[in-house]
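In case you want the letters, here they are:
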Amino acid sequence: MSSPTASRLQTADSVAAVEAAIRLENVSVRYRVPRERIATFKEYAIRRLRRKIVFDEFWALRSVSIGVRSGEVFGVIGRNGAGKSTLLKVVARVLRPTEGRVRVVGRVAPLLELGAGFDWELTGRENVYLNGAILGFKKRDLSTRFSRIIEFSGLREFADAPLRTYSSGMIARLGFAVATDVQPDVLLVDEVLAVGDAEFHRKSTDRILGFSASGATIVLVTHDLPVARALCQRVAWLERGQLMALGAADEVVSVYEESSG
Amino acid sequence: MSELVTYDSAAAHSPSLTELVELFRYRELLSLLVVTIIKTRYKRSTLGALWTLLNPLLNMVVMTIAFSSIFRFSITRYPVYVLSGLIFWNFFAQTTTYAMSAIVWGGSLIKRVYVPRTVFAVATVGNGLVNLGLSLVPLALIMLALKQPVTLAVLFVPVAVLLVAMFSLGVALLMSALAVLFVDVVDMYQIIVQASFFLTPVMYPQEILPAKFIWYLSFNPLYLLLELFRSPLYLGVLPSFETIVGGTLCAVGSLLLGWWFFSREADELAYRI
């Protein structure tokens, strides 16, 4: 299934199984969308009896094979709907691949979208614990790290206010602070670098680069090509679910830029 | 922190077992969710968690006023009868209904991060158990006030509660998986619960049922479980052997079926929510 470009650049990708933090082998993800939306059980039952349910199949990923080396900053680029976020979800164990195999070594921390895993009625403090537990942290560990998390997010005076009084920037800061307080083995970042003010943006970028420096693997999905060039060692380019190119960041980004004119 | 977690999508996969193992690993999230439900439910109301206690009590008062004269000859200490029935019913109806909205709250989450997906239904039942425990206090007071004799059979109540919880969890899992797949399930379920309330002798004595329909009661799981809970409290005797066996079979069967169905659909839920 590899396109010509992919095979040209793939030589740079001879990742031995032992040092790979993430391995995707021929991973395909299929969404099945009923052609006419069947939302109710009644309708489903009637059509099922008449055997008239037709699904449209949509492959968000098609036979994608990628090995991400332990300790590298790996970029994923491509247009909207290319399958970038689906790729992250497969690695984060949110979606089980329809075909193929995914293996991940180490603790994975996803940087969640704004507000996921938070409860609006709870205070910032309570949400730190809730969000931490969602990410699989122990309550005891969280208590010792609580002040550090609040310090990093810069929300000390709001810690006991309910989350519904927070601005979206504040929520994003809190979410980032909880997820990245302890260095994960694999950090999945989906465009969230753009949140918060300039000051927080610098702080969060520094923290991610710090993780990378001390050996964490980082997968970064981005539309921002200069960022991909500057931060990533290697980049994968996805197009309509297929891997178009995989290799050194500079090369792949250049090929991608040429293709999009 | 050196624990090396490795995920392999191709590893031997038994959904039911995986869910169980993961739920145990995420037990801290589970207990936190139970607390969260309690906290958020009443956070903006002045009476707070007191509502949990007041709800069945007010119902009891209403029903006592409405039905005491009707059932005066067949039921002594009607308030004890109806309150113990309502406590049981509220537990079942609220946990199963609430589980369906909990999975929708959790839906935004399980699309973005891995958590064991049974956690929402189990947390709902955990919260229901807390409420049930609390509402036993006013029940005890009323039993005391009406000089209800208490026997050793009361020691069976925890067993009954466990069986009721297992049954409700099974139904909650089944319904919450269905609620994700089809939007009208929530409304359909409301109607079914409402109908079952009247088909089960919660507030009326079973003797008022026509004799030719009495047999149906032994096929109504809710009746069997209600008897397990109410006999030791209201009659002061252990439920009959048949009721214990039947109720246990219903509880275990419901839990196994619900758990199996939910975990089988669990991977699909992230695609569908």
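**Q** An account of the overall build of chain B is requested, with residue identities and associated values reported.
**A** When you go through chain B residue by residue, the secondary structure sums to 10 helices and 1 strand. Its helices and strands taken in sequence order, chain B reads β-α-α-α-α-α-α-α-α-α-α from the N to the C terminus. Relative to the 2.2 N^0.38 estimate, which gives 19 Å for 273 residues, the radius of gyration of chain B is 20 Å and therefore close to what a compact globule would have. Here the C-alpha coordinates of chain B stretch approximately 65 × 45 × 40 Å along the principal axes. The proportion of buried residues among the 273 residues of chain B is 52%. Restricting to contacts in chain B with at least 6 residues of sequence separation, those with at least 24 account for 78%. With an accessible surface of roughly 12800 Å², chain B has 72% of that area assigned to carbon and sulfur atoms.

**Q** Give me the interface of chain A and chain B: which residues, what numbers.
**A** Size of an interface: often given as the accessible area lost when the parts come together. Counting residues at the interface gives 47 residues for chain A and 41 residues for chain B. Buried area between chain A and chain B, summed over both chains or domains, comes out near 4000 Å², and the portion from carbon and sulfur atoms is 59%. It is Arg93(A), Val94(A) and Arg96(A) that lose the most area in chain A upon contact with chain B, and together they represent 20% of the buried surface on that side. Taken together, the links from chain A to chain B amount to 3 salt bridges. Summed over the shared surface of chain A and chain B, the result is 8 residue pairs in polar contact (both at pLDDT 80 or more). Those elements that place two or more of their residues in the side of chain A that touches chain B are β1 (20-34), α2 (41-50), α3 (84-91), β4 (99-105) and α4 (124-134) of chain A. Top element by residues in the side of chain A that touches chain B is β4(A). It accounts for 6 residues. In terms of residue class, the side of chain A that touches chain B is built from 26 nonpolar, 6 polar and 15 charged. Both β4(A) and strand β1 (residues 6-8) of chain B contribute to a ladder of 3 bridges, which runs antiparallel. Residue pairing for β1(B): Val105(A) is matched across the bridge by Thr6(B).

**Q** Break down the sheet that holds strand β3 (residues 73-77) of chain A for me, citing the residues and quoting the values.
**A** Residue and element names in this part refer to chain A. Read across the sheet, 6 strands follow the order β5-β6-β7-β3-β8-β9 without closing on themselves; strand pairing throughout is mixed. The open sheet is flanked by β5 (108-110) and β9 (242-248), the only strands paired with a single partner. Across the sheet, the mean angle from the axis of one strand to that of its neighbour is 15 degrees, orientation sign disregarded. In this structure, strand β8 (residues 234-239) lies alongside β9, joined through 6 bridges in antiparallel fashion. Across the sheet, the residue bridging to Ala236 is Leu246, located in β9. Lying on the sheet, α3 is in contact with β3, β6 (186-190), β7 (217-221) and β8; it crosses β6 at an angle near 155 degrees.

**Q** I'd like a description of the nonpolar core, backed by residues and values.
**A** Counting residues in hydrophobic clusters, the biggest one holds 133 residues, and the most contacted among them are Ile77(A), Leu29(B) and Phe120(B). Counting residues in hydrophobic clusters, the runner-up holds 33 residues, among them Val27(A), Ile66(A), Leu87(A) and Val94(A).

**Q** Just give me the short version of the pairing of β6(A), but keep the residues and values in it.
**A** All names here are of chain A. Burial within β6 is extensive, with 4 of its 5 residues counted as buried. Here 3 bridges tie β5 to β6, and the two strands are oriented parallel to one another. Following the sheet pairing, Val108 is matched in β6 by Val186.

Each value, and the rule that gives it
- Residues numbered from 1 in each chain as written.
- Chains lettered and ligands numbered in written order.
- Predicted model: local features only at pLDDT ≥ 70, side-chain atom pairs only at ≥ 80, totals over all residues.
- Heavy atoms only, no water.
- Helix = DSSP H or I, 4+ residues; strand = E, 2+ residues; numbered from the N terminus.
- Rg over C-alpha atoms; globule rule 2.2 N^0.38 Å.
- Buried < 20%, exposed > 50% of the residue type's maximum accessible area, 1.4 Å probe, protein only.
- Contact = heavy atoms within 4.5 Å.
- Areas by Shrake-Rupley, 256 points an atom, 1.4 Å probe, with all protein chains shown as cover.
- Buried area = accessible area lost by both parts, 1.4 Å probe.
- Salt bridge = Lys/Arg side-chain N within 4 Å of Asp/Glu carboxyl O.
- Polar contact = N/O pair within 3.5 Å; in protein donor to acceptor, adjacent residues only side chain to side chain.
- Nonpolar A, V, L, I, M, F, W, Y, C, P; charged D, E, K, R; others polar.
- Pairing = 2+ DSSP bridges.
- Axes fitted to C-alpha atoms, helices over the stretch in contact; angles between N-to-C directions.
- Core = buried A, V, L, I, M, F, W, Y, C linked by side-chain atoms within 4.5 Å.

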